[in-house]
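# Structure at a glance
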Amino acid sequence: MSNDSLTAEDLEFLARPLHGFLTVAESPVPAQPRPVWFEATADGTIQLFTEPGALKVRRLRRDPRASIVVAAPVGEPERWVSVVGRATVEDDGAHELCSRLAARYWDLGDEALAGALREMLGADLLRIVIHPESVRRYAF
């Protein structure tokens, strides 16, 4: 099934602490997806954070096309959502996003993980926002 926006069912699935696999378009070599933390927003965008010097930032500034695929883990019926669209690189909101995602993906009662979050929050961060142009999904 395909359309150009995320459904309520997609947003419910994407609210789980699953890894997304991000691919950016600009490169002379085949796409090399990377696992990322992400957040699907109520307005239907996908956002993640990264450091300003990351290769994905340089590539997105040259060619804003990006995609993310999120799949259910092993042991569950096959299900995935794929979002393709143009990405923007934003200067604001990355630290807040980092904090929300760390709480979603990690047990911040673990002092080692809480320390890792503090270290992440001490760095310069950018927010990448994918604006969906095509959404595909499959659920068994």
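It should be noted that the structure appears before, not after, this text.
Every value quoted in this text rests on a predicted model; they were computed, and no experiment measured them.

### Considerations on helix α3 (residues 94-105)
- The terminal C-alpha atoms of α3, which comprises twelve residues, lie 16 Å apart, in line with the 16 Å expected from a rise of 1.5 Å per residue.
- Every buried residue of α3 is listed here: Ala-94, Leu-97, Cys-98, Leu-101, Ala-102 and Tyr-105. In an axial view of α3, the angular spread of the buried residues amounts to 135°, which keeps them on one side of the axis.
- Looking at the buried side of α3, the elements it contacts are β3 (34-36), β4 (39-40), β5 (46-50), α4 (111-121) and β8 (126-139).

### Observations regarding the packing of α3 against α4
- At a closest axis distance of 10 Å, the pairing of α3 and α4 adopts a crossing angle of 165°. With respect to each other, α3 and α4 are oriented roughly antiparallel. Both α3 and α4 take part in a crossing whose hand is right-handed. Together, His-95, Cys-98, Ser-99 and Ala-102 of α3 and Leu-117, Met-120 and Leu-121 of α4 make up the contact between the two elements.
- Grouping the amino acids of the contact of α3 with α4 by side-chain chemistry returns five nonpolar, two polar and no charged.

Thresholds applied
Residues numbered from 1 in each chain as written. Predicted model: local features only at pLDDT ≥ 70, side-chain atom pairs only at ≥ 80, totals over all residues. Heavy atoms only, no water. Helix = DSSP H or I, 4+ residues; strand = E, 2+ residues; numbered from the N terminus. Expected span 1.5 Å × (residues − 1). Buried < 20%, exposed > 50% of the residue type's maximum accessible area, 1.4 Å probe, protein only. Arc of directions from axis to C-beta. Contact = heavy atoms within 4.5 Å. Axes fitted to C-alpha atoms, helices over the stretch in contact; angles between N-to-C directions. Parallel < 35°, antiparallel > 145°, perpendicular 65-115°, else oblique. Left-handed = near helix turned anticlockwise from the far one by under 90°. Nonpolar A, V, L, I, M, F, W, Y, C, P; charged D, E, K, R; others polar.

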